[in-house]
Amino acid sequence: MEEDLLVPSELQRPWYYERWFLVIVFILGVPLVSPPFVLWPVWSILILRSPWHNHTVLNGLAWAIIVTGVVMVYKNAEGEGGTLFTVASMVPGVVVLVITQVMWTRFRMEHGLVIERPKPPENPPDLMDVPGYYDEDTETREDRAARRSQRRRDSRSGRSSRR
């Protein structure tokens with residue numbers, strides 16, 4: 001997969017990580033009342049993936065909003081509005097979430113904020129061909145069990161009895 005790097009302090013934040021945008025999506029996305037919390041998952045996901053907002057309190061609040069939103073969506077789907085109203089109220093938030101995450105991924109790639117792990121070789125070597133990997137004179141289970149029991153006896157030899 002990929003790992004995030006620390007963001008240099010001189011790197012300017014993209015517009016969706018500016019304070020004004022985060023305040024708007026927070027206000028329109030907090031699931032405290034029945035819908036419309038139309039931008040529900042956007043703030044939480046932005047905060048959880050942000051290198052600028054890595055505070056424990058903010059991350060805890062983001063997770064709390066996600067869990068609360070899931071419960072509210074479930075209750076609204078079973079309630080008066082029904083499934084169609086619930087899905088329709090979630091569409092704006094999901095669209096904004098997808099747009100911001102695509103833009104964030106592109107921003108990270110453009111500014112070198114991602115370390116990509118090397119890909120494994122396409123044809124891994126056969127382990128039987130590697131010298132020293134497979135040895136015909138391997139010890140058996142009985143050998144290991146005997147060695148373990150000998151270690152147990154040796155470790156108890158200096159102890160006094162518990163009588």
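Residues numbered from 1 in each chain as written. Predicted model: local features only at pLDDT ≥ 70, side-chain atom pairs only at ≥ 80, totals over all residues. Heavy atoms only, no water.

J.: Go over the overall build of the chain with me, naming the residues and quoting the values.
T.: Along its length, the chain carries five helices and two strands. Ordered by position in the sequence, the α and β elements of the chain form the string β-α-α-α-α-β-α. Long-range pairs, those at least 24 residues apart, make up 67% of the contacts in the chain with a sequence separation of at least 6. With an accessible surface of roughly 12600 Å², the chain has 59% of that area assigned to carbon and sulfur atoms. (Helix = DSSP H or I, 4+ residues; strand = E, 2+ residues; numbered from the N terminus. Contact = heavy atoms within 4.5 Å. Areas by Shrake-Rupley, 256 points an atom, 1.4 Å probe, with all protein chains shown as cover.)

J.: Give a detailed account of helix 2 (residues 40–49), specifying residues and quantitative values.
T.: Each α-helix winds once per 3.6 residues, and so residues spaced three or four apart point in a common direction. Burial runs high along helix 2: seven of the ten residues are buried. Restricting attention to buried positions, one finds in helix 2 the residues Trp40, Pro41, Val42, Trp43, Ser44, Leu46 and Ile47. (Buried < 20%, exposed > 50% of the residue type's maximum accessible area, 1.4 Å probe, protein only.)

J.: Could you give an account of the nonpolar core, with specific residues and numbers?
T.: One finds Tyr16, Trp43, Leu46 and Phe107 to be the most contacted residues of the largest nonpolar core, which totals 23 residues. Elements supplying a minimum of two residues to this core: helix 1 (19–27), helix 2, helix 3 (56–78) and helix 4 (82–110). At five residues, helix 2 tops the list of elements feeding residues into this core. Non-local contacts of tyrosine 16, meaning those with residues more than four positions away in its chain, are made with Phe21, Leu22, Leu46, Thr100, Met103, Trp104 and Phe107. (Core = buried A, V, L, I, M, F, W, Y, C linked by side-chain atoms within 4.5 Å.)

J.: If you had to explain the packing of aromatic side chains to someone new, which residues and values would you point to?
T.: Counted by the stated rule, this structure contains ten aromatic pairs. When the centroid spacing of 5.8 Å and the interplanar angle of 80 degrees are considered together, the rings of tryptophan 20 and phenylalanine 21 count as edge-to-face. Connected via pairs of aromatic rings, a cluster forms that spans Trp15, Tyr16, Tyr17, Trp20, Phe21, Trp52, Trp104 and Phe107. (Phe/Tyr/Trp six-rings, centres within 6.5 Å; stacked < 30°, edge-to-face > 60°.)

J.: I'd like a rundown of the environment of glycine 69, residues and numbers included.
T.: Assignment of secondary structure puts glycine 69 in helix 3. Remark: the alpha-carbon pair of glycine 69 and valine 30, spanning 39 residues in sequence, is separated by 7.8 Å. Aside from chain neighbours lying at most four places away, what touches glycine 69 is Pro31 and Trp40.

J.: Go over helix 1 with me, naming the residues and quoting the values.
T.: When helix 1 is considered as a whole, its buried residues turn out to be Phe21, Leu22 and Val25. One face of helix 1 carries all of its buried residues, which in axial projection span an arc of 100 degrees. In helix 1, the exposed positions that point more than 90 degrees away from the buried face belong to Arg19 and Ile27. Those residues of helix 1 that are buried are in contact with helix 2 and helix 4. (Arc of directions from axis to C-beta.)

J.: So what about the packing of helix 3 against helix 4? Which residues, and what values?
T.: For the pair helix 3 and helix 4, the least separation of the axes is 6 Å and the interaxial angle reads 145 degrees. When helix 3 is examined against helix 4, the residues Val73, Asn76 and Ala77 are found in contact with a partner set consisting of Gly82, Thr83, Thr86 and Met90. (Axes fitted to C-alpha atoms, helices over the stretch in contact; angles between N-to-C directions.)

J.: Got a sec to walk through the side chain of serine 44? Specific residues and values, please.
T.: Among the secondary structure elements, serine 44 is positioned in helix 2. Separated by 3.2 Å, the side chain of serine 44 and the backbone oxygen of alanine 62 make a polar contact. Once residues lying within four places of it in the same chain are set aside, the contact partners of serine 44 are Ala62, Ile65 and Ile66. (Polar contact = N/O pair within 3.5 Å; in protein donor to acceptor, adjacent residues only side chain to side chain.)

J.: Please provide a residue-by-residue account of the environment of tryptophan 63, values included.
T.: Relative to the elements of secondary structure, tryptophan 63 occurs in helix 3. Its relative accessible area of 52% is what places tryptophan 63 among the exposed residues.

J.: How would you summarise the packing of helix 2 against helix 3 if you had to cite specific residues and measurements?
T.: A pair of packed helices is captured by two measures, namely the crossing angle of their axes and the spacing between those axes. Two numbers describe how helix 2 lies on helix 3: the axes approach to 9 Å, and their chain directions differ by 150 degrees. On the basis of their axis angle, the class for helix 2 and helix 3 is roughly antiparallel. In this structure, helix 2 crosses over helix 3, and the sense of that crossing is left-handed. Taken together, the residues of helix 3 that come into contact with helix 2 (itself represented by Trp40, Trp43, Ser44, Ile45, Ile47 and Leu48) are Leu58, Asn59, Leu61, Ala62, Trp63, Ile65, Ile66, Gly69, Val70 and Val73. By residue class, the composition of the contact of helix 2 with helix 3 is 13 nonpolar, three polar and no charged. (Parallel < 35°, antiparallel > 145°, perpendicular 65-115°, else oblique. Left-handed = near helix turned anticlockwise from the far one by under 90°. Nonpolar A, V, L, I, M, F, W, Y, C, P; charged D, E, K, R; others polar.)

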